[in-house]
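Here are the chains, one letter per residue:
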Amino acid sequence: MSEASDMRSVVEHLAAAMAGRTPLPGVRIPLDQAVGLIAAERLVSRVDLPGFDNSAMDGYAVQAADLAGAGGRRRRGVRLPVVAHLAAGDAPTQEVRPGTAIQIMTGAPMPPGADAVVPVEDTYGGAQMVTVTAAVPVGRHIRRRGEDLAAGSVVVSPGDVLTPRRIGLLAAAGHGEVMVHPRPRVAVVSTGAELVPPGDDLAPGQIYDSNSHLLAAAVTAAGGRTAYRGRIGDDPATVRAELARLAAQVDLVITSGGVSMGVHDVVKDVLRESGTVEFVQVAMQPGKPQGLGVLMDGDREVPFFGLPGNPVSAAVSFMVFVRPVVRRMLGLEPADTTTVTVELTAGLRSPAGKVQFARAQSRMLPSGRLGAQPVAGQGSHFVADLAAADLLLVVPPDATELSAGSLVEAVLLDAELAVT
Ligand code: AMP
Ligand code: MG
């Protein structure tokens, strides 16, 4: 059997990863923790907005008819006694009778009797007497009760993104909490006897564990919460016990390494026997070997991704398969809204029969189109070139030789970071 016929397509594998995944059940949380999350309930305003007629200016509440003769070419002033003072937060105790004024600040309730506000700029103001130098029409500078929103109007619906502005509206409408789909708790585990935490000293043959850090950061950037990040060696009993322990604590488990054809491919060895995780070859480069399925925590199914160990493979696999699942759990559209068409500024070779996810750097071209310069190191161990890239080119299976000037689809790698 040829290699290609054994392989599953990227689209098929993504569909398998998404199957059965739903937004996490809603939880009610304080508004201040909700930014970026997706609402899981409908809420209506508890109040009219504004809640009462109030002044839009610092000035004087008056009866407009008293000022009919003010201003004009001769800049005539009308003198009125000031009978009270109203600040924001005060409740009016006096009314404005004909021929009087009440000093009023922005946001203070309109006193009974008044039908307009004269801004302080149009007066020679005082606390006892005010001289008004301009007439005002009835209603001027009054914010009317309910003119923004009526009590009972919907202020958030299931599926709405809780932007800072939406959170402001919820607060204005009297809601201190909102039900959201919570951030999925994710465990990220690197496997490999060669791995050492960054910061430690390396013995011969050892390398720093970069995958757990990259993947934990990618989880955060995608909106998830890394509940655990760590490293285990290649001992099957330890891996089995550790994965069972972690599954009980989280909504999603991601491992890296140990899923290909080596002698110590421990994730594959341990989980294949469980029967709930499949190990497949996906027609992509990088990222061909993939583990996918669920870990069982009693009756609860915990989605599991066994990503390949090469750092670029792990990073690409996360973007293509894991990120959409995190987004679905959050109640977001899993489909990537960050795909753009770019123009290659250099030629690119790609393997037949596989989607190549090539790393590239973007640059605005004089034509106004976004250009993409493939990075030099396309091998799956080139972490420096991976870090330098901001685009993931999606080269289809039938394209083997793309010339400079070709148009290709690309994923913006840092879209989430740019949004904040
Ligand atoms: P594996 O899939 O476990 O055979 O790993 C493939 C390659 O990726 C090997 O060169 C590993 O040393 C390397 N690798 C695996 N895990 C990590 C990791 N967490 N950080 C950096 N490199 C890794
Ligand atoms: Mg390994």
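Quantities reported herein were computed from a predicted structural model and do not represent experimental measurements.

About the thresholds
- Residues numbered from 1 in each chain as written.
- Chains lettered and ligands numbered in written order.
- Predicted model: local features only at pLDDT ≥ 70, side-chain atom pairs only at ≥ 80, totals over all residues.
- Heavy atoms only, no water.
- Axes fitted to C-alpha atoms, helices over the stretch in contact; angles between N-to-C directions.
- Helix = DSSP H or I, 4+ residues; strand = E, 2+ residues; numbered from the N terminus.
- Left-handed = near helix turned anticlockwise from the far one by under 90°.
- Contact = heavy atoms within 4.5 Å.
- Nonpolar A, V, L, I, M, F, W, Y, C, P; charged D, E, K, R; others polar.
- Buried < 20%, exposed > 50% of the residue type's maximum accessible area, 1.4 Å probe, protein only.
- Polar contact = N/O pair within 3.5 Å; in protein donor to acceptor, adjacent residues only side chain to side chain.

**Observations concerning the packing of helix α2 (residues 10–18) against helix α7 (residues 311–330)**
Link 1 in the chain: Between α2 and α7, the least distance of the axes is 9 Å, while the angle of their chain directions is 35 degrees. Relative to α7, α2 is oriented so that their crossing is right-handed. Where α2 approaches α7, its residues Val10, His13, Leu14, Ala17 and Met18 are matched on the opposing element by Val320, Phe321, Pro324, Val325 and Arg328.
Link 2 in the chain: Residues that form the contact of α2 with α7 fall into these classes: eight nonpolar, one polar and one charged.

**Looking at the side chain of serine 350**
Link 1 in the chain: Note on placement: serine 350 falls in the loop between β23 (348–349) and β24 (355–364).
Link 2 in the chain: Residue serine 350 is classed as buried on the basis of its relative accessible area of 8%.
Link 3 in the chain: One polar contact links serine 350 to glutamine 356, side chain to side chain, over a distance of 3.1 Å.
Link 4 in the chain: When near neighbours in sequence (up to four residues on either side) are disregarded, serine 350 contacts Gln356, Val395, Ala399 and Thr400.

**Re the environment of proline 334**
Link 1 in the chain: Within the fold, proline 334 resides in the loop between α7 and β22 (339–344).
Link 2 in the chain: Residue classification places proline 334 among the buried positions, given a relative accessible area of 17%.
Link 3 in the chain: On a C-alpha basis, the gap between proline 334 and valine 322 in space is 10.0 Å, while along the polypeptide they are twelve residues apart.
Link 4 in the chain: Setting aside residues up to four positions removed in sequence, proline 334 forms contacts with Met18, Pro324, Arg327 and Arg328.

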